[in-house]
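Remarks on the overall topology
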Amino acid sequence: MNEEALLARASEERERIFQRYERGRENLVGQIDPWEDPEFEDYHKTDRYGFIHDERLLHKTAPQKVNVEVEREKKWVKMLGSWDTPATKEKLHRRIYKGIPNSLRIKIWCKLLNVNSMKSTNVGKYQEMLRLAKQWSTDVRQIDSDVNRQFREHQFYRERYSEKQCSLFNVLCAYSMYNSEVGYCQGMSGLAGVLLMYMDEEDAFWALAILLSDKKYAMHGLYVEGFPKLTRFLEHHDKILTKFMPKLKQHFDKFGLDAILYSLKWFFVCFVERVPFSLCLRVWDIYLLDGERVITAMAYTILKLHKKAIMKLNDMDLIVNYIQVKLHKDFGYEDDIVIHHLERSMDELKRAKIDYPGPPPPSELPQRQLGTFVEPDKKAKIGQRAENFSETEKQARATVILRREKAALELQELRVSQSDTVSDHSGVASGVRCEDSVSVLGSRRSLADTSVTSTADLSVFSSGRSHAPDNSLDTHSNISDDGTGCGNCSLSVQWVPTAQSTPRATPYPPSASPSEDVVRIHVTYNPLASPSHLQPVSPSKYKYDHHKPVSLNFYTNGSNVPDNRIRIQVSSEELLTPIVDSGRIIAPRYIDSHPGMYDYK
């Protein structure tokens, strides 16, 4: 197809998607595929926040708690009438930490975010951005896909093209035009989805805009190309663990568990779908009051409360599953107790002067004027992905790889110092694997594998797909159904745990210089073996017994200590793939003279 045909196709697709949301569910009878709607759940399985559960709820709100909340509502209503007075400001901190009554969250969140002021100074701007999105947005396909994946177990969002699904679609499309630097990032659907549970469409749009652009929250840096704030917060989280929980940090290092594998939804969406929703709302209440200090303190609090349980888990897969899945279903503590510990953690970190990662640098704040229309280029309109990575993408990739390599080296040094063989941990020592760290930006394919429209890809950054495939944070995707894609940042970090995981590879083969063209394949080996004294052993010397397991080791160090590391180096894309033995390219004449060694027929 030529360029004009591709532009026309993209325009028709955008118009078709918008028309379905404008018509709504009632006017699309017979046009909604059965898979788009989840199965109906009985009414008695719905909690007070609107989420539908698989089984009858075990816990109901105790009458005494209902009475306490009713009394608090009276105090909050009175306080809302005198919001700007010194007396209210004095009481606000204490009462928010006790909990905002659920029925009043819509008003109090709008007050804390100053939504009404923002809306009054930008009259008509939301409608303008929505009109522009209908004509120009390059993110509509990904947004359309994500709208039907967000909160599928919630009664507001469960039905395709329901009122709230339409509102979520409109808010995200409008914001993709309002903030042209970010466009749309999939983590934003979680934020907007929660806001729309308590606000109308335009209020939710401005609340989202404030969360991203206001320096108190500065979430723009989490979603913009390169994800600079994510890197900064991960480093700060590591500092907190090293200082206050060194044994837990050592436990994580022992199994190669990097914080990036369990904390993505902590930082990206403020604990949505990582803790029970009632607790998540309490954290949001405090976050809207005190800002980003709450996020780092809550991350510390979660690990502090569950340190003993985590220390008993001797497997990286089990640790990640516990933090990401089990705590979401059952946190193990009452919300009030958790908030009490959170407040103590914030004080503890503040005394140590480590509560705040620091003000956001300019790279984490919007550089362009918000609300100003910037026409997309032709590649973005068509949905073609960029051929080359930008400098920001390369830097993001290098940062992630550095964290991986550091974790791998620390893990290897720890095991050698303890005289442990890697085979002792073969089932749990998968390390921190991002397709062996080589593909951290090497692939632009997202987990959804559906988008032609968005601007970056953080695919499976949050968890192993085996844990919660419908719950993973596919933050930016940029591949279409027909193989085209767009976007200028693709950070696809994939962790693939297996029952028989193998350790990470060394940074580079001994005979190879650092290169993008190095492919590393590792199987279990003895770390005490000396690679410099390897001698090839012919497979023909091995006698096979079909009734006994065979360990085939192709190299020895001269003392019958096996070392079966395999390294493959592709020197040039223009040449045929060479045969490599122990890091050295093998000449054809050598192969011909040793038929028994390289004959695998």
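For the structure, check the block above.
In what follows, the accompanying structure is described. Just so it is clear, the structure is predicted and the values come from calculations on it, not from any experiment.

Some remarks on helix α16 (residues 293-305)
- With 13 residues, α16 ought to run about 18 Å at 1.5 Å a step, and its terminal C-alpha atoms sit 18 Å apart, in line with that.
- Buried residues dominate α16, accounting for eleven of its 13 residues.

Notes on the pattern of salt bridges
- Taken as a whole and assessed by the stated rule, the structure comprises 17 salt bridges.
- Residue Glu13 pairs with Arg141 through a salt bridge whose shortest N-O separation is 2.5 Å. Of this pair, Glu13 sits in helix α1 (residues 3-23) while Arg141 sits in helix α7 (residues 140-147), placing them 128 residues apart in sequence. Each member of the pair, Glu13 together with Arg141, is buried.
- In this structure, Lys74 engages Glu71 in a salt bridge whose closest nitrogen and oxygen atoms are separated by 3.5 Å. You can see Lys74 and its partner Glu71 sitting in helix α2 (residues 63-80), three residues apart, about one turn around the helix.

Comments concerning the packing of helix α3 (residues 86-98) against helix α15 (residues 277-290)
- Interaxial distance between α3 and α15 falls to 8 Å at its minimum, and their mutual angle equals 160°. Taken together, the axes of α3 and α15 are roughly antiparallel relative to one another. Relative to α15, α3 is oriented so that their crossing is left-handed. Listed contacts from α15 to Leu92, His93, Ile96, Tyr97 and Lys98 of α3 are Arg282, Asp285, Ile286, Leu289 and Asp290.

Focus: unusual backbone geometry
- Notably, Tyr161 is not glycine yet its phi reads approximately 60°, a positive angle.
- Tracing the backbone through its elements, the reader meets Tyr161 in the loop between α7 and α8 (163-178).
- What makes Tyr161 buried here is its relative accessible area of 4%.
- At Cys270, a residue that is not glycine, the phi angle is positive and equals roughly 55°.

Quick word on the packing of helix α6 (residues 125-136) against α8
- Axis separation between α6 and α8 bottoms out at 8 Å; the angle between their running directions is 90°. Relative to α8, α6 is oriented roughly perpendicular. Packed against α6, whose contacting residues are Lys125, Tyr126, Met129, Leu130, Leu132, Ala133 and Trp136, the element α8 presents Asn170, Val171, Cys173, Ala174, Met177 and Tyr178 at the interface.
- In terms of residue class, the contact of α6 with α8 is built from eleven nonpolar, one polar and one charged.

Thoughts on the environment of Ala218
- By the secondary structure assignment, Ala218 is in the loop between α10 (201-213) and α11 (220-223).
- Residue Ala218 is classed as buried on the basis of its relative accessible area of 0%.
- For the pair Ala218 and Pro366, spaced 148 residues apart in the sequence, the C-alpha separation amounts to 9.2 Å.
- Those residues within four positions of Ala218 in sequence are excluded, and the remaining contacts are Leu211, Leu212, Lys229, Glu292, Pro360 and Leu365.

Calculation criteria
- Residues numbered from 1 in each chain as written.
- Predicted model: local features only at pLDDT ≥ 70, side-chain atom pairs only at ≥ 80, totals over all residues.
- Heavy atoms only, no water.
- Helix = DSSP H or I, 4+ residues; strand = E, 2+ residues; numbered from the N terminus.
- Expected span 1.5 Å × (residues − 1).
- Buried < 20%, exposed > 50% of the residue type's maximum accessible area, 1.4 Å probe, protein only.
- Salt bridge = Lys/Arg side-chain N within 4 Å of Asp/Glu carboxyl O.
- Axes fitted to C-alpha atoms, helices over the stretch in contact; angles between N-to-C directions.
- Parallel < 35°, antiparallel > 145°, perpendicular 65-115°, else oblique.
- Left-handed = near helix turned anticlockwise from the far one by under 90°.
- Contact = heavy atoms within 4.5 Å.
- Nonpolar A, V, L, I, M, F, W, Y, C, P; charged D, E, K, R; others polar.

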